[in-house]
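The primary structure of each chain is shown beneath.
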Amino acid sequence: MLFFSLIFLILLLGCPETAMAGSRYGVTLWLTQLIPTLLPFFISIGLLRACLPRVSSRRGFLLLGLLCGYPAGAALVSGQYSQGLLTERQAFFYLGFVNNPSPMFTLVFCGRSALGLSPAEGFLLFGVTVLSAFLGSLLFSRIYFRHSRRKRKKLSHAAVCSPARREKKHAVASVDAVASIQGFTLHLDAIIADSFAILLKIGGYVTIFSIIGQFVHALLPPESAAAVLCAGVLEITCGVSYLPRAALSLAAKKILAAGLLAFGGLSAAAQTGSVILQSELSLVPYILNKALNSLLADTLSFLLFRIL
């Protein structure tokens, strides 16, 4: 930790212009992309958990993470695991499965803008990402926990608030209505505060990895496959933005993009870590799971884009 801190400080002081460019890119990405996308989702999920505990406690509820991008899926899984609705093995399966880039990022930014794909090819790329996430997470959860004797959390029923008693008097009913509104407002305030706390952490991670990615951009030729790979491993958006200039065939770009999308980058992993911190889930198995997903995505995309 101390070594990384010293190296990062030396880079900031030694190359301030490069650091400023990376910081500006990270903050812009956070303000213009992540906050508008994630904040409404975090608030809506918090409200659903409070108002519809039975719905939010179901496994199918976790599939919403596939539609919202990093680290929304991790927030859903962490919530159910903290409530005792998932075992550790199930939590890591869903964490690797539903915590992925959003369809809009895959179809529009990666597929259309970076690779110039048709809508059908973009959906195929998204399908490869989801399929590799499912198969990789299923395989990883079976292998990783086969010989493990770690203590798992027992399943518990979601707490459901008992319905309030009906009051006969109109005056008492009015007081209850006012108290209910005040209680909802206080609960909404807490949900918004928690959402911004998570987003603040995410913004810090995105900025740090964007600065590191900017130094990678300065050291490696942007048209090289190594630049795309290194930048994508650090921060997926930065790596995908290098694809149009890469001196690779379109098929090779698709294969490389599939692997980067399935892995998600260390920045997304750090964002995921900030979300699952309170649930006490370890980040290491998640990163290993995503690495396996990336290998499967490269294999599947090779079969689809090079052989078929």
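Above this text sits the structure in question.
Right, let's walk through the structure included here. Given the structure is predicted, the values throughout are model-derived calculations rather than measurements.

**A short note on the pattern of salt bridges**
Then comes step 1: Under the criterion given, the structure shown has 1 salt bridge.
Then comes step 2: With a shortest N-O distance of 3.3 Å, Lys 254 and Glu 121 are connected by a salt bridge. Highlighted residues: Lys 254 in helix α12 (residues 250–263) and Glu 121 in helix α8 (residues 119–144), separated in sequence by 133 residues.
Then comes step 3: Classification of Glu 121 as partly exposed rests on a relative accessible area of 29%.

**Quick word on the packing of aromatic side chains**
Then comes step 1: In the structure shown here, the tally under the stated rule is 9 aromatic pairs.
Then comes step 2: Consider the rings of Phe 93 and Tyr 94, whose centres lie 4.9 Å apart with planes at 70°: the pair is edge-to-face.
Then comes step 3: Phe 93 sits in the buried class, given a relative accessible area of 12%.
Then comes step 4: Owing to a relative accessible area of 14%, Tyr 94 belongs among the buried residues under this scheme.
Then comes step 5: Three or more aromatic residues link up through ring pairs in this structure, and these residues are Phe 92, Phe 140, Tyr 144 and Phe 145.

**Quick word on the side chain of Asn 293**
Then comes step 1: Of note, Asn 293 is situated in helix α14 (residues 283–307).
Then comes step 2: A distance of 3.4 Å separates the side chain of Asn 293 from the backbone nitrogen of Ser 137, its partner in a polar contact.
Then comes step 3: Sequence-distant contacts of Asn 293, defined by excluding residues within four places in its chain, comprise Gly 96, Ser 132, Ala 133, Gly 136, Ser 137 and Ala 262.

**Side note on the side chain of Glu 235**
Then comes step 1: You can see Glu 235 is positioned in the loop between α10 (225–234) and α11 (236–241).
Then comes step 2: No salt bridge is formed by the buried Glu 235; the nearest opposite charge belongs to Arg 245, separated by 12 Å.
Then comes step 3: Polar contacts involving the side chain of Glu 235 include one to the main-chain amide nitrogen of Thr 237, which spans 3.0 Å.
Then comes step 4: Ignoring sequence-local partners within four residues, the contact set of Glu 235 consists of Leu 29, Phe 209, Ser 210 and Ser 267.

**Some details on the layout of surface pockets**
Then comes step 1: Put simply, the largest pocket is a space of about 630 Å³.
Then comes step 2: Lining of the largest pocket is provided by 23 residues; of these, Arg 49, Ala 75, Asp 194, Ile 198 and Gln 278 occupy positions nearest its centre.
Then comes step 3: For the lining of the largest pocket, the secondary-structure elements that each account for two or more residues are α2 (16–51), α5 (72–82), α9 (170–219) and α13 (265–276).
Then comes step 4: Among the elements that take part in the lining of the largest pocket, α9 stands out by supplying 8 residues, more than any other.
Then comes step 5: When grouped by side-chain class, the residues that make up the lining of the largest pocket number 10 nonpolar, 10 polar and 3 charged.
Then comes step 6: Reported here for the second largest pocket is a volume of approximately 490 Å³.
Then comes step 7: Lining the second largest pocket are 22 residues, and of these Gln 33, Leu 34, Ser 102, Phe 105 and Thr 237 sit closest to its centre.
Then comes step 8: Mapped by element, the contributors of at least two residues to the lining of the second largest pocket are α2, α4 (65–68), α7 (103–114), α11 and α13.
Then comes step 9: When the residues that make up the lining of the second largest pocket are grouped by side-chain class, the tally is 13 nonpolar, 8 polar and 1 charged.

**A word on the environment of Ile 192**
Then comes step 1: Topologically, Ile 192 is positioned in helix α9.
Then comes step 2: For Ile 192, a relative accessible area of 29% translates into the label partly exposed.
Then comes step 3: In this structure the C-alpha to C-alpha distance between Ile 192 and Ile 43, which are 149 residues apart in sequence, comes to 6.2 Å.

Criteria and thresholds
Residues numbered from 1 in each chain as written. Predicted model: local features only at pLDDT ≥ 70, side-chain atom pairs only at ≥ 80, totals over all residues. Heavy atoms only, no water. Salt bridge = Lys/Arg side-chain N within 4 Å of Asp/Glu carboxyl O. Helix = DSSP H or I, 4+ residues; strand = E, 2+ residues; numbered from the N terminus. Buried < 20%, exposed > 50% of the residue type's maximum accessible area, 1.4 Å probe, protein only. Phe/Tyr/Trp six-rings, centres within 6.5 Å; stacked < 30°, edge-to-face > 60°. Polar contact = N/O pair within 3.5 Å; in protein donor to acceptor, adjacent residues only side chain to side chain. Contact = heavy atoms within 4.5 Å. Lys, Arg positive; Asp, Glu negative; His and termini not counted. 1 Å grid on protein atoms, 1.4 Å probe; cavity = no way out; pocket = protein on both sides within 12 Å on 5 of 7 lines; lining within 4 Å. Points joined across faces, edges and corners; volume = space filled by probe spheres on them. Nonpolar A, V, L, I, M, F, W, Y, C, P; charged D, E, K, R; others polar.

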